[in-house]
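Fold and contact review
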Amino acid sequence: MAIRTMGPSGQYETGLDAAGTALPELLAPAGGLDQMLAAIAAGADAIYAGLGGFNARVSAHGFTDDEFARGCAVAHAHGVRVYVTLNVFVFDDELSDAVALGAHALELGADALIVADAGLACVLRTAIPGVEIHLSTQAGAHSESTVRLAADELGVERVTTARELTVDEIAALCATGVPIEVFCHGAICIGYSGACEFSALRRGRSAMRGDCTQPCRLAYDLVDEAGQSVVAVEGDRLLCPRDYLGIAHLPELVDAGVASLKIEGRMKNPDYVFNVVRVWRRALDMLCDGAWDPGAVEELSRELGRSFNRGFTDAYLRGRSGAELMSFERAINQGVRVGRLVAVGHEEVTVELDAAVAAGDTLEIRFYPGADARPDVPKRWPQVPCPVDAAAGKRVVVHCKRKVDAGCEVYLIRSAGVLGQTATVLERMRAEADAIAPVACAVEVLPFEDVAVDGGASTELVECAAPARMVFAWQLMDADPRGELDLSDAVVVLDEVCRTGDADRTRSLIQRAGRVVCRNLGQVVIARELGVTFDVAVPVFCANRATLTWLRGLGAGRVCLPAELLGNDAERIAELAAEPGVLGPVDADRPELMVCEHCLLTAEGVCATDATGQVRCRDCLRRRQVRYLVERDGTRLPVAIDACGRTRIFLS
């Protein structure tokens, strides 16, 4: 195992790989003490956890203070850092409590805080001298300019990027010199993080506040203007992506210079954390020892598949976001393939294995009716226990009462071996935690006053930037493909996403517009460079006056509040809404629920390609047709796909 030492920056380092490249930190999730102990035992370099209510997984059962303190003590004894997530957006009346919680976490042993709210980051830095702050993926860091802004204007020590970025884009962010944290494994939000109000506007529970109802995992239909379904794929989970798997790209990510590889999963069980972390640890150790073999990727992936997953994808890292990204059929655990049925008898089946199984494993047989079957014959996925240990190439007889056919694939969805190994490790680690004495760390918290906000007389809340003419940048991709329209009389509402490839188009729009509304911090950087007056709107999320002050300090003229706040939290933001220059939602007539890199129209079948085999979203005829996403209660949500293939879903 790679030796971890404390470096001059105060961060634990895993040394260099065989080529002399610095290895990234392996960052593991922990929803409770057992998960934390499992991560430590499996070889994590750092752990992130929630403590209290200001985190994006409020339903994770969390820690008592004593558990967290003991977990931190064990972590530090093993050279492992601990980060606490304060990665929700907070209201004015919560700032003091959020700062107190951050200080308390540091006193119990946390090394850094993960923050999404710019105002909270500013207040924390004022109130807690020397605090280390990492910017959450919820802040929407897509480009080099955003990363530099976060480092220069917020003073963060690390930036967590969006999951949608390619390896090349990640490398460009790393080249800024700001430490970059990237997701490498686990569940994906199909919408851009920090740019999704679906749960808040349709269910009254905000993802920005850590209470997402996961609408992306539900069943939907996609229909045309006449209400006829246009879905051609098998399944109805039209917004459900597979899980992120970056293991095949590990050497590239290391060469890119990422500072930290982040595993998703603060809602996952200890066995998930233990298994996933140990496999990634093994992969990093192979690089460190010069033993990396691309041929090992399949084996590593298979081992990772023994823990909960919805199927795996590396599509984003390769610059792809079509149907291969998605798990249309099911939003639950897919496991890993271990064989197929070669014979079916009376209440028993014979499985020919292409991977090892163990007694006590849970196997799932996947039965699909043939083309000649009656329409009423259902799919079946019976789950059955494996009776014996058996190696790849062997055959085992398994008890199964449900009707299935020879040829069905068999998947392992619950590994008895992983569960047993985790239980053994936890017994040892709990004993260590019980025996260790937590070390309290005094944290100085300086008084901070309510943030003053510039402005004159109070103004009535109005729709954002109400001009003689307002246009949305994503619509101009079609209306003005060559960037020739005179927009000097218009307010241009820029896109929610601002990746490196969007910068030139964004710059052109800002230069031609009478006024612009920035919806990403990367756009703010460009507007400032050009000396252009700009407003801001979600996903630049403002829920408190500290954030408002920071945005005005950057040069924002007017700040548009999110639709979800006005719909669900109007009383709590009344004072903020009354501030001069604070306006209503930029899309008040048709609030946006979600923006995705994935094109929802891929559910209609394979995309057309040009002569070179490339998909050209700009020329897609499907985009010109009316489409609605239909919820189970019949609610129709308008869908629009832009010339980049990005999906926007709107409130009906």
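Definitions and limits used
- Within any chain, residue numbers begin from 1 and follow the written order of that chain's sequence.
- Confidence filtering applies because this is a predicted model: local features only for residues at pLDDT of at least 70, side-chain atom pairs given and counted only at 80 or more, and all residues used for totals across whole chains, interfaces and linings.
- To get the side-chain values, all heavy atoms of the structure are used, and hydrogens and water are removed first.
- The buried label applies to any residue whose accessible area, calculated with a 1.4 Å probe on protein chains only, is under 20% of its type's maximum; exposed applies above 50%, and partly exposed to all values in between.
- Helical segments are the DSSP runs of H or I of at least four residues, strand segments are the runs of E of at least two, and each set is numbered from the N terminus.
- Contacts between residues were defined by any pair of non-hydrogen atoms, one from each residue, lying within 4.5 Å.
- Polar contacts here mean pairs of N or O atoms no more than 3.5 Å apart (in protein, one a potential hydrogen donor and the other a potential acceptor; neighbouring residues in sequence count only if both atoms are side-chain atoms).
- Criterion used throughout: strands pair if DSSP finds at least two bridges between them.
- Structural elements are reduced to axes, namely lines fitted to C-alpha atoms, with helices fitted over the stretch in contact, and the angle between N-to-C directions of any two is expressed from 0 to 180 degrees.
- A carboxyl oxygen of Asp or Glu within 4 Å of a side-chain nitrogen of Lys or Arg is what we treat as a salt bridge.
- In summary, the charge assignment counts Lys and Arg as positive and Asp and Glu as negative, without counting His or the chain termini.
- Pairing of aromatic side chains requires ring centres within 6.5 Å, counting the rings of Phe and Tyr and the six-membered ring of Trp. Pairs whose planes differ by under 30 degrees are stacked, by over 60 edge-to-face, and all others tilted.
- Lysine NZ or arginine CZ positioned within 6 Å of the ring centre and within 35 degrees of the ring normal marks a charge as sitting over the ring.
- By nonpolar core is meant a set of buried Ala, Val, Leu, Ile, Met, Phe, Trp, Tyr and Cys residues that side-chain atoms within 4.5 Å join together.
- Note that a disulfide, as used here, is simply two cysteine sulfur atoms within 2.5 Å.
- Grid points spaced at 1 Å and placed over the protein atoms alone form the basis of the search, with a cavity being a set where a 1.4 Å probe fits but cannot get out and a pocket an open set showing protein on both sides within 12 Å along at least five of seven lines. Lining residues have an atom within 4 Å of a point.
- Grid points are joined across faces, edges and corners, and a volume is the space filled by probe spheres set on the points.
- Any residue outside Ala, Val, Leu, Ile, Met, Phe, Trp, Tyr, Cys, Pro, Asp, Glu, Lys and Arg is labelled polar, Gly included; the first ten of those are nonpolar and the last four are charged.
- Any angle that falls under 35 degrees is termed roughly parallel, while one over 145 is termed roughly antiparallel, one within 65 to 115 roughly perpendicular, and all others oblique.
- Here a crossing is called left-handed whenever its near helix is offset anticlockwise from the far helix by less than a right angle, and right-handed whenever the offset is clockwise.

1. Considerations on helix 4 (residues 118-127)
- Taking burial as the measure, the 10 residues of helix 4 include 7 buried ones, the bulk of the element.
- Those residues of helix 4 not exposed but buried are A118, G119, L120, A121, V123, L124 and A127.
- Looking at the buried residues of helix 4, the elements they touch are strand 5 (81-86), helix 3 (95-108), strand 6 (112-115), strand 7 (133-135), helix 5 (144-154) and helix 15 (545-554).
- At the N-terminal end of helix 4, a side-chain oxygen is found 2.8 Å from the backbone nitrogen of G119, two or three residues along, and the residue is D117.

2. Concerning the sheet that holds strand 20 (residues 409-414)
- Within the open sheet, the 6 strands sit side by side as 18-17-20-15-16-19. Their pairing is antiparallel. Only two strands of the sheet have a single partner each, and these edge strands are strand 18 (383-385) and strand 19 (395-399). The mean inter-strand angle of the sheet, taken between neighbouring strand axes irrespective of direction, is 40°.
- Inspection of the sheet shows strand 15 (residues 336-345) paired to strand 16 (residues 348-353) by 6 bridges, in the antiparallel sense. Bridging from a neighbouring strand, V344 pairs with V349 of strand 16.

3. Focus: the pattern of salt bridges
- This model, assessed by the stated rule, comprises 53 salt bridges.
- Across the salt bridge formed by E132 and R81, the nearest N and O atoms sit 2.9 Å from each other. Of this pair, E132 sits in the loop between helix 4 and strand 7 while R81 sits in strand 5, placing them 51 residues apart in sequence. No difference in accessibility class separates E132 from R81, as the two residues are buried.
- Connected through salt bridges with shared partners, the residues D495, E496, R505, R519, E592, D642 and R648 form a single ionic network.

4. Remarks on the side chain of D361
- In this fold, D361 is placed in the loop between strand 16 and strand 17 (362-366).
- One buried charged residue, D361, forms no salt bridge at all, with the nearest opposite charge on R306 at 4.3 Å.
- From its side chain, D361 meets the backbone nitrogen of A416 in a polar contact 2.7 Å long.
- Contacts of D361, omitting those with residues within four sequence positions, involve R306, V384, P385, C386, L412, R414, S415, A416 and G417.

5. Concerning the packing of aromatic side chains
- Per the stated rule, a full pass over the model turns up 5 aromatic pairs.
- Ring centres 4.5 Å apart and planes at 35° place the aromatic pair F89 and F541 in the tilted group. Here F89 is found in the loop between strand 5 and helix 3, whereas its partner F541 is found in the loop between strand 24 (534-536) and helix 15, with 452 residues between them in sequence.
- One cation-aromatic arrangement involves R636 over Y628; the distance from NZ or CZ to the ring centre is 4.0 Å.

6. Side note on the sheet that holds strand 10 (residues 191-196)
- Ordered by their spatial adjacency, 6 strands build an open sheet running 10-27-30-29-28-11, and the pairing between neighbours is antiparallel. Strands at the two margins of the open sheet, each flanked by one partner only, are strand 10 and strand 11 (221-223). Between one strand and the next, the sheet's axes are offset by a mean angle of 30°, whatever the strand orientation.

7. Looking at the nonpolar core
- With 167 residues, the main nonpolar core has F68, W280 and V492 as its most contacted residues.
- Broken down by element, this core gets its largest block of residues, 12 residues, from helix 9 (residues 270-288).
- Judged by nonpolar contacts, the second largest core, of 21 residues, contains V351, L353, A390 and V398.

8. Focus on the state of the cysteines
- In total, this model carries 0 disulfides according to the counting rule given.
- C386 forms no disulfide, and the closest cysteine sulfur to it belongs to C400, at a distance of 13 Å.
- Given a relative accessible area of 4%, C386 falls into the buried group.

9. Quick look at empty space enclosed by the protein
- Per the stated rule, a full pass over the model turns up 4 cavities of 30 Å³ or more.
- There is about 200 Å³ of room inside the largest cavity.
- Put simply, the parts of the chain that give the lining of the largest cavity at least two residues each are strand 10 and helix 15.
- Here the lining of the largest cavity is built from residues that sort into 13 nonpolar, 7 polar and 3 charged.
- A volume near 100 Å³ is recorded for the second largest cavity.
- In this structure, the second largest cavity is lined by 13 residues; those nearest its centre are A195, E197, V538, P539 and E592.
- Tallied by class, residues from the lining of the second largest cavity come to 7 nonpolar, 1 polar and 5 charged.

10. Looking at the packing of helix 9 against helix 10 (residues 297-304)
- For the pair helix 9 and helix 10, the least separation of the axes is 9 Å and the interaxial angle reads 160°. Relative to helix 10, helix 9 is oriented roughly antiparallel. Along this stretch, helix 9 crosses helix 10, giving a crossing that reads as right-handed. Across from N275, V276, V279, W280, R282, A283 and M286 in helix 9, the residues of helix 10 making contact are E299, L300, E303 and L304.

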